[in-house]
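In case you want the letters, here they are:
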Amino acid sequence: MQTNFTAEQLRDPDTAESNRILRTCVHCGMCTATCPTFLLLGDELDSPRGRIYLIKDMLESGRPASELEVRHVDRCLSCLSCMTTCPSGVNYMHLVDHARTYIEETYKRPWPERMLRGVLARVLPSPKLFRLSLKAAALARPLEPAIPGQSMLAQRLRGMLALAPKALPAPDPMQEAQVHPAEGERRGRVGLLTGCAQKVLNPEINAATIRLLTRMGIEVVITPGQGCCGALTHHMGQHERAMAAARANIRAWSAEIEGQGLDAIVVNASGCGTTLKDYGFMFREEPDAEDAARVAGLAMDITEVLEKFAYAPTRDEPAMTVAYHSACSLQHGQKITALPKQLLARAGFKVKEPAEGHICCGSAGTYNILQPAIAGQLRTRKLENIRRTKADVIAAGNIGCMTQLAGDAMPVVHTVQLLDWMAGGPRPEGLDGIG
Amino acid sequence: MSVISPETEQSLASAVARAHAAREPLAIEGRGTKRAMLRPTLQPWGPAARTLSTRNLTGITLYRPTELMIRARAGTPIPEIEAALAEHGQQIVAEPPDLRVLFGAEEPSTLGGVVSTNLSGPRRIMWGAMRDHVLGISAVTGEGEIFRSGGRVLKNVTGLDLCKLLSGAHGTLGIITEIALKVLPAGEATGTLALRVPDVTAGVAALSAGLGSPYGVSGAALVLEEGGITAFLRLEDFSESVTYRLGRLREDLAAHGEQSLVEDPRALWRSIRDAVPLRAAPEEAVWRLSVAPSHAAGVVASLRAAFPAKLLLDWGGGLIWVAGPATVQAHGAVMQAATAAAGTFTLFRAPPELAAAVPVLPEEALPLAAIGRRVKAVLDPAGVLNPGRLRA
Amino acid sequence: MIALPAPKPEILARRDAILADLARLLPADSVIGETLRLRPYETDGLAAYRQIPLAVVLPRTTAEVAAVLRYCHANGIRVVPRGAGTSLSGGALPLADAVVIGLMRMNTIREINYEDRYAIVGAGVTNIGITKAVEGDGFFYAPDPSSQLACMIGGNVMMNSGGAHCLKYGVTANNLLGVTFVTIEGEVIEIGGTHLDAAGYDWLGLITGSEGQLGLVTEVTVRILRGPEGARAMLAAFSSVEIAGAAVDAIIGSGIIPVALEFMDRPCIHACEAFAHAGYPLDAEAMLIIEVEGSVAEQDMLLDRIRGICAKFDPISMKVAESAEQSAAIWKGRKGAFGAVGRISPDYLCMDGTIPTGELPHVLKRISEMSAQYGLGVANVFHAGDGNLHPLIMFDANDPDSFRRAEAFGADILKLCVEVGGCLTGEHGVGVEKRDLMTTQFTRAELTLQRAIKSAFDPEWLLNTAKVFPLDDNPKIAA
């Protein structure tokens, strides 16, 4: 596609990169078809192609972002379904990331919006603050129906309270910085990203990961100094905050890599995995570019690690049908599609894939808080498709999706919990009486 | 009644231009096989009326078997084209009926005739109508201007598709002088499964099951005789495929009725194509109704309640041939049945008195009829082409 | 940039009032009027041509479409219909004084009937959306343009779209039963129905492929077909395009009609393989994708025969898909071919002429000579069985001279297609792109006749003005 940047503009490496991306787009429109917001809203402006056009215009003009384009960029889930569809290989992810940063730098959001984003950016990545606020939310939960009005603020408040779990699990010391030694002969040594929000919401995911890996003879290292991967702030366009979080992780793991060494950095929240794998790009102009690239190169989804170390079940086949929900970050971000299903099938589960598996459930990081109406419609659509599979349980590889899909009739577990169970671990909570 | 039979497109165009200038109506025909179809064209003009025939515009002008295309002048008799195609194992896909028996005509239909009336046989259900295979035409407007639409290649969306507009317009919007047709290889073998069914509903259900099967049923008809009702399902393909698919079809349709295989399927389908099983008596009127197949049983019941209807169902039950008394009452019952079934009808053959007295086709919605008049005014401003053929 | 009709100054002057009127006619969030938000609507799949419209409306019902048309007709405002905006001929290119009517929100499937084998769907349902809705029950909607994932049935009707499988199953026109048609006056007319074949004039046939010149289609009744027991694709690679062309002739001549017969040349093979990882033969000059249908035994029988025929043409390799996934990957590459060329060139123009298949070697040779002459690369992908070519001319839109050469190269290819007995467009439509070449295929008198038929539907020439017919010699439009 034709672009109109000045030589001056192109000296900025981010603009140069966006120009390169825009030029690969041939405007064919294939991406529109698999975009969740285009499906719901039926407006070119809420499709990837329309957003690419808006972004192109915004970046070329060099003018500050305005509400008119921000509205449509904000509605993007960053699910990256468009990247799976795109025959031309347009890197929409890097383009929209650049746009979000540009918007954050040039556009002043109305104050309630600014405040909310500020709070989310501070609270979510910090397990301590997040735990506190969830406790507060639990207290406020009965107020949810009493919040009046259809304003965005009211919708968001109601949405947040609805997302907050009824009961908060106790903190699990397993997740703190330490080394979990391998059982039996050591076959490998991996770092584990324990994450931020996931740690608080569902410590069982990390616990199952650690149990399963150590049982398979893999030493699991939780390095001190690691924290949030940076994805949450990155997707809100808060570039510096995201870079700081990522840099802390890069330092922590680099020390470990240069010390005893790591075969992989395991990620069991695929949203984080997509970002970790992109560290190389994020730091391409930074002094620690090499370290970042090395960390990104070692980052692996838990299913990739299990495949690498030849996961094998030990229990008898359960009579259980699993609806596998493919998290966008896993299928579109990391292009991991068949592997989780193969592992579940190997473990003895009957695996079903819901229709429209490529369409986002609406979680998308903080999206279900910032865009509750669209997120709600996507959740309903997703749950309807899942229900049609008549499965017993939903398995997903991302905490965001799990939270989004919770609360319906079907229990939701992480893929690794099911795999751990079949390899000798405990039966995941909520599955009693099934199978 | 005098007949003009030009030997070139140019002289045909000149004849039309003269008629246009003189405001003299022309009856347009090929060999006149279907002269008795729809409304009598020139009755009001009496002996002064003239007929313009394409019978002398004959001959295949281009045949490229590997390009799946044959081109011929409009007056070329269908059997001549079929014979040329057969030499290369190909056929006219839509299987146009030979209506010599039905219309008591001596001469075979011409290519121009079957295209202008968009007449399709049993294969229509699977492979499309006559008009679907028209790749291009050369034609003459009511002002005597020659024009072309389409071409000779299999895919062509250049400009408005006047081929389709003229196919089925019964010569009222222009006179087709040459036609390029898509053709396909004829199936190596033909097989037909016959099922005895208790009634029309069960028969249509059997046909629907066959058409809803993955075996490529290329004919699905219901023959109603004194002795009972038989559903016929045809397969045409390589012989290994026909054998295999007939077997599968027999299994899939086992619950639909007592089965047998037809010994001479090609003869059977020729007779269905030509509406022979309808056994229409010379004095009777003949109608064709097109409905969604699931409406067929309702249509049949309401017709039978109105008059002693003879019936033949093709196209999975969607095409209903009807023969019955040539009366305004019977026609009224047909119109009513077609309307009730959200379908369409034509008074296909009737004595001129009846055809002139009733609408032989459904009326069009008013805005569409207005557009139709404007289109007619573009192509035939003086109204010289087949006046009164479709509507009074 | 192609010439567009001069905008009507009185319409541009009333812009704000028109926007306000439209907003009153339609529910909230249905009208777009800010220049910034109109810009993404300035083009479609042919991004080389661009024009920001006066307004965009996004109606949800036939009644809303009719209301907008009635209003535009009463006020002399031009209208440009738009589906998914995937047209490769600029069919949805706006005009500065036109209201774009986007039908993307009319995306519901109203009825599916297996007994009578039809589906009634909104104009904004995607082509693949119809098949997706019925495939669980073993049925499919046959026409399958390469953009089927995104393109919408309303656009398919307007362009009479084809696809890879139309050699056997026909194009859109052959798979329709009825449409809900809205005239420029805002009259809603049901044309056809759920039965086959009209008794009077074939309006359905005329409307199909009319590129928005006659009216808008808001709802479509399509035939759905039961799918075959199975299908399998094979690849056959050859050392020259001429030899591959001869193999195509031999296959068709043998009496086998494969359900699809597709051709790619070397540049296209490489681009598509990079996208689809389908195992395309990278050492070949030309490759055929040949698909057959039926039971496994029938597929084996047909593929054996086809292999036997191809073997006579000294193929570099032949490979039969061994699984449904392999077949899917083979098709993913083919269907993504246009976009995949975006990997090797920033921009392309996709031609769409059809030629008699016997002319294939000659035409391909000429195209490669022209490629050298214009100094622009070309990748060829096309439907070999029906002679519908898709040369993809590669250029760089940031270099104006390269675009001018690409346009001239494209025009030369299309003229060549007409010269050898073919046509300008097999399935993409004339649009704005090939408008000025219409005189190479039609006489002035023929174009005048077609224009007069358009006038019978749209006397004021408000509908998709500037498309299909050359602007000059047209008293209805001031260029």
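The model shown is predicted, which means the values in this text are computed figures rather than measured ones.

## Regarding the overall build of chain B
Scanning chain B from N- to C-terminus turns up 13 helices and 17 strands. Expected size for 392 residues packed as a compact globule is a radius of gyration near 21 Å; at 21 Å, chain B falls within 12% of this value. Dimensions of chain B along its principal axes, counting C-alpha atoms only, are 65 × 50 × 40 Å. Out of the 392 residues belonging to chain B, those deemed buried represent 63%. Partitioning the contacts of chain B with sequence separation of at least 6, the portion at a separation of at least 24 is 74%. Looking at chain B as shown, the accessible area adds up to about 13,500 Å², and 52% of this sits on carbon and sulfur atoms. The averaged location of the 37 negative side-chain charges in chain B is 5 Å from the averaged location of its 38 positive side-chain charges.

## Notes on the sheet that holds strand 7 (residues 350-352) of chain A
One key point about sheets: their strands pair by backbone hydrogen bonds, in either a parallel or an antiparallel sense. All names here are of chain A. Spatial ordering of the open sheet is given by 7-6-8-9, a layout of 4 strands whose pairing is parallel. The sheet is open, and its two borders are formed by strand 7 and strand 9 (412-414), each paired with just one other strand. Averaged over neighbouring strand pairs, the angle between their axes works out to 35° when direction is ignored. Inspection of the sheet shows strand 8 (residues 393-396) paired to strand 9 by 3 bridges, in the parallel sense. Looking across to strand 9, one finds that Ala-396 is bridged to His-414. Across the sheet, helix 21 (residues 338-346) lies against strand 6 (321-325), strand 7 and strand 8, angled at about 165° from strand 6, the strand it touches most.

## Some words on the sheet that holds strand 17 (residues 344-349) of chain B
All names here are of chain B. A sheet is described by the order of its strands in space; here 8 strands give the open sequence 13-10-12-11-15-16-14-17, paired in antiparallel fashion. Looking at strand neighbours, the two that pair on one side only are strand 13 (258-261) and strand 17, the edges of this open sheet. Direction aside, the axes of adjacent strands within the sheet are offset by 20° on average. On top of the sheet, helix 8 (residues 239-252) reaches strand 10 (189-197), strand 12 (228-237) and strand 13; it is set at about 145° to strand 12, its chief contact. In this fold helix 11 (residues 328-340) packs onto strand 14 (285-290) and strand 17, with an angle of close to 150° to the strand it touches most, strand 17.

## Re the packing of aromatic side chains
Applying the stated criterion across every chain yields a total of 16 aromatic pairs over all chains. Here the aromatic rings of Trp-287 of chain B and Phe-307 of chain B are separated by 5.7 Å at their centres, their planes lie at 40°, and the arrangement is tilted. Here Trp-287 of chain B is found in strand 14, whereas its partner Phe-307 of chain B is found in the loop between helix 10 (296-306) and strand 15 (310-314), with 20 residues between them in sequence. Both residues of the pair, Trp-287 of chain B and Phe-307 of chain B, count as buried. Aromatic pair Trp-321 of chain B and Phe-348 of chain B: ring centres 5.3 Å apart, planes at 85°, arrangement edge-to-face. One end of the pair, Trp-321 of chain B, is in strand 16 (residues 319-324); the other, Phe-348 of chain B, is in strand 17, with 27 residues separating them in the sequence. Residue classification places Phe-348 of chain B among the buried positions, given a relative accessible area of 2%. Within the aromatic cluster, the residues linked to one another by ring pairs are Phe-181, Tyr-201, Trp-203 and Phe-457 of chain C. The aromatic ring of Trp-461 of chain C is capped on one face by Lys-454 of chain C, whose charged end is 4.8 Å from the ring centroid.

## Thoughts on the pairing of strand 16 (residues 347-350) of chain C
Residue and element names in this part refer to chain C. Every second residue of strand 16 is oriented toward a common face, with Asp-347 and Leu-349 on one face and Tyr-348 and Cys-350 on the other, all of them buried. Strand direction decides the pairing type here: strand 16 and strand 18 (residues 388-395), joined by 4 bridges, are antiparallel. Looking at the pairing, Cys-350 lines up with Leu-392 of strand 18.

## Re the domain arrangement of chain A
Residues and elements named next belong to chain A. Assigned domains of chain A: these are domain 1 (9-106), domain 2 (111-163), domain 3 (173-307) and domain 4 (311-422). Relative to domain 4, the C-alpha centre of domain 3 lies at a distance of 22 Å. Opposite the 26 residues of domain 3 that make contact, domain 4 presents 24 residues. Summed over both sides, the interface of domain 3 with domain 4 buries roughly 2,000 Å², with 65% coming from carbon and sulfur. Contact with domain 4 buries area across many residues of domain 3, yet Ser-270, Thr-303 and Glu-307 alone supply 24% of it, more than any other trio. Linking Asp-420 and Arg-211 is a salt bridge whose minimum nitrogen-to-oxygen distance equals 2.9 Å. The tally of links from domain 3 across to domain 4 stands at 14 residue pairs in polar contact (both at pLDDT 80 or more). Taken together, the elements giving at least two residues each to the side of domain 3 that touches domain 4 come down to helix 12 (197-201), helix 13 (204-215), helix 16 (270-276) and helix 19 (302-308). Of all the elements, helix 13 adds the most residues to the side of domain 3 that touches domain 4, at 7 residues.

## Thoughts on the arrangement of the chains
Contacts are most numerous between chains B and C, taken over all 2 pairs of chains that touch. Separated without contact, chain A and chain B have their nearest C-alpha atoms at a distance of 21 Å.

## Some remarks on the environment of Asp-97 of chain C
Residue and element names in this part refer to chain C. Relative to the elements of secondary structure, Asp-97 occurs in the loop between strand 3 (78-82) and strand 4 (98-102). Taking the C-alpha atoms as reference, Asp-97 lies 49 Å from Ala-231; in sequence the two are 134 residues apart. Excluding residues within four positions of it along the chain, Asp-97 makes contact with Ala-6, Pro-7, Lys-8, Ile-11, Leu-12, Leu-54, Ile-77 and Arg-78.

## Side note on the interface of chain C and chain B
Where the parts come together, the accessible area they lose is often given as the size of the interface. Contacts between the two partners involve 86 residues from chain C and, on the opposite side, 76 residues from chain B. Carbon and sulfur atoms make up 59% of the area that chain C and chain B hide from each other, which totals about 6,600 Å². The interface formed by chain C and chain B contains 7 salt bridges. Residue Lys-155 of chain B is joined to Glu-427 of chain C by a salt bridge in which the shortest nitrogen-to-oxygen separation is 2.8 Å. In this structure, the connection of chain C to chain B is made through 27 residue pairs in polar contact (both at pLDDT 80 or more). Those elements that place two or more of their residues in the side of chain C that touches chain B are helix 7 (166-169), strand 9 (188-192), helix 8 (203-207), helix 9 (241-253), helix 11 (296-311), helix 16 (438-441) and helix 17 (444-457) of chain C. With 9 residues, the single largest contributor to the side of chain C that touches chain B is helix 17 of chain C. For the side of chain C that touches chain B, a count of residues per class yields 36 nonpolar, 30 polar and 20 charged.

## Here's the deal with the domain arrangement of chain B
Residue and element names in this part refer to chain B. Domain annotation of chain B identifies domain 1 (1-186), domain 2 (189-273) and domain 3 (276-357). Contact with domain 1, which involves 11 residues of that partner, is made by 10 residues of domain 2. For the pair domain 1 and domain 2, the two sides together bury roughly 760 Å², of which 57% comes from carbon and sulfur. The tally of links between domain 1 and domain 2 comes to 2 salt bridges. With a closest N to O distance of 2.9 Å, Arg-123 and Glu-236 form a salt bridge. Counting the contacts that link domain 1 with domain 2 gives 2 residue pairs in polar contact (both at pLDDT 80 or more). Examining the composition of the side of domain 1 that touches domain 2, we find that 3 residues originate from one element, helix 5 (residues 124-127), more than from any other. Of the residues contributing to the side of domain 1 that touches domain 2, the split by class is 6 nonpolar, 1 polar and 4 charged.

What counts, and at which threshold
- Residues numbered from 1 in each chain as written.
- Chains lettered and ligands numbered in written order.
- Predicted model: local features only at pLDDT ≥ 70, side-chain atom pairs only at ≥ 80, totals over all residues.
- Heavy atoms only, no water.
- Helix = DSSP H or I, 4+ residues; strand = E, 2+ residues; numbered from the N terminus.
- Rg over C-alpha atoms; globule rule 2.2 N^0.38 Å.
- Buried < 20%, exposed > 50% of the residue type's maximum accessible area, 1.4 Å probe, protein only.
- Contact = heavy atoms within 4.5 Å.
- Areas by Shrake-Rupley, 256 points an atom, 1.4 Å probe, with all protein chains shown as cover.
- Lys, Arg positive; Asp, Glu negative; His and termini not counted.
- Charge placed at Lys NZ, Arg CZ, Asp CG, Glu CD.
- Pairing = 2+ DSSP bridges.
- Axes fitted to C-alpha atoms, helices over the stretch in contact; angles between N-to-C directions.
- Phe/Tyr/Trp six-rings, centres within 6.5 Å; stacked < 30°, edge-to-face > 60°.
- Lys NZ or Arg CZ within 6 Å of the ring centre and 35° of its normal.
- Domains from an automatic or database assignment.
- Buried area = accessible area lost by both parts, 1.4 Å probe.
- Salt bridge = Lys/Arg side-chain N within 4 Å of Asp/Glu carboxyl O.
- Polar contact = N/O pair within 3.5 Å; in protein donor to acceptor, adjacent residues only side chain to side chain.
- Nonpolar A, V, L, I, M, F, W, Y, C, P; charged D, E, K, R; others polar.

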